[in-house]
Amino acid sequence: MSATNRYVYGVIGGGTIEFETDAVGGADRVYTVSHRRLGAVVSDIDTTDPEETDEDAQRHDDVLREVMDREEGEAVVPMQFGMAFESDRTLKNVLRGARPAFRRAMNDVEGRIELGVKAVRDEDDRVDRDAVEADAEEILEPVAEQSVPNDLFSDRLVLNRSYLVERDEREAFDDAVARLEDERDDLTIRYTGPFAPYSFVDVKIGAQ
Amino acid sequence: MFVLDDLLFRPFVGIVDALHTIALDELYDVDALEDELKENQLLYEIGDRSEEEYRERKAELEEKLDVAREVHERLASGRVEVKR
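Residues numbered from 1 in each chain as written. Chains lettered and ligands numbered in written order. Predicted model: local features only at pLDDT ≥ 70, side-chain atom pairs only at ≥ 80, totals over all residues.

Considerations on the overall build of chain A
Step number 1: The secondary structure content of chain A amounts to five helices and ten strands.
Step number 2: Dimensions of chain A along its principal axes, counting C-alpha atoms only, are 55 × 30 × 25 Å.
Step number 3: The proportion of buried residues among the 208 residues of chain A is 35%.
Step number 4: Taking as baseline every contact in chain A between residues at least 6 positions apart, the subset at least 24 positions apart corresponds to 76%. (Helix = DSSP H or I, 4+ residues; strand = E, 2+ residues; numbered from the N terminus. Buried ≥ 20, exposed ≤ 12 C-beta atoms within 10 Å, placed from the backbone. Contact = placed C-beta atoms within 7 Å.)

Okay, structure coming up:
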């Protein structure tokens, strides 16, 4: 297999990173391709149009999580699944072209993490979604920097939001989620993360 | 009469095609199947569905989703003729 293309997980500010892990498309090493203090976190791949399997989507998330852990508070701008580039050269061109956008996104997410809160109603219950939203707003919003609503993909799902939280406020947010759980003991709360802040960066780059 | 007038201006085949497309869209609704996959995952995560139920449902939905995507791809490519 000749894996000469580069699959991109996200972009970090300055520095380099390298570690061995199960990466997307069967690769086993993650490293950085840098251009002027912007480092694209990549692994080698043999296509510029990777198929999104469950396993590879999970690996994409796992790699980003490991990068976040290793970078300890350094900004990581995550990419959505599926960004792959022909060569180092095309990738560096993108880093050059989108540099201001990456810098802005980095400022937005520096020192912050994304956490997810879902609330699920019991099968036979009727629940007022607006009331649940109001409770979440009152209890969770004060501890978060920002939040965005996500798709309510099931009629049993009565709340689905992502929160951008300061790393230092993580415990306070945990407590707030516990308070929401107490307040709404008719619901099952699913609390997930931390994730790279996908929902709060909007850097779109043309692939290939 | 409005309906009749309206129909007279359209070729009959066009209406049948439109109805057929609606039926196909409902039968092979990719978005709805994707939502069901996410719901299945969520209900498993909160312990509302056993691992066995979860796996069975997941396999079933993934199969349906493959078929639905294939149907849409073929329809879009115009390689499929709708038989009446």
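Topic: the environment of A:Val120
Step number 1: Mapping A:Val120 onto the fold places it in strand E7 (residues 112-121).
Step number 2: If sequence neighbours within four positions are ignored, A:Val120 has contacts with A:Arg156, A:Leu157, A:Leu187, A:Thr188, A:Arg190, B:Leu42 and B:Ile46.

Some words on the sheet that holds strand E9 (residues 157-166) of chain A
All names here are of chain A.
Step number 1: Within the open sheet, the four strands sit side by side as E8-E9-E7-E10. Their pairing is antiparallel. With one partner strand each, in any of the chains shown, strand E8 (146-149) and strand E10 (187-195) form the two edges of the open sheet. Direction aside, the axes of adjacent strands within the sheet are offset by 20 degrees on average.
Step number 2: Judged from the four bridges that link them, E8 and E9 form a sheet pairing that is antiparallel. Counted as the bridge partner of Gln146 is Leu164 from E9.
Step number 3: Helix-sheet contacts for helix H5 (residues 170-183) involve E7, E9 and E10, and the interaxial angle to E10 is about 165 degrees. (Pairing = 2+ DSSP bridges. Axes fitted to C-alpha atoms, helices over the stretch in contact; angles between N-to-C directions.)

Details of the domain arrangement of chain A
All names here are of chain A.
Step number 1: By domain assignment, chain A separates into domain 1 (5-110) and domain 2 (112-198).
Step number 2: Placing a centre on the C-alpha atoms of domain 1 and another on those of domain 2 gives a separation of 28 Å.
Step number 3: Tallying the contact residues gives nine residues for domain 1 and five residues for domain 2.
Step number 4: Breaking the side of domain 1 that touches domain 2 down by element, the ones donating at least two residues are helix H1 (54-71) and strand E5 (76-78).
Step number 5: Among the residues forming the side of domain 1 that touches domain 2, the class breakdown is five nonpolar, three polar and one charged. (Domains from an automatic or database assignment. Nonpolar A, V, L, I, M, F, W, Y, C, P; charged D, E, K, R; others polar.)

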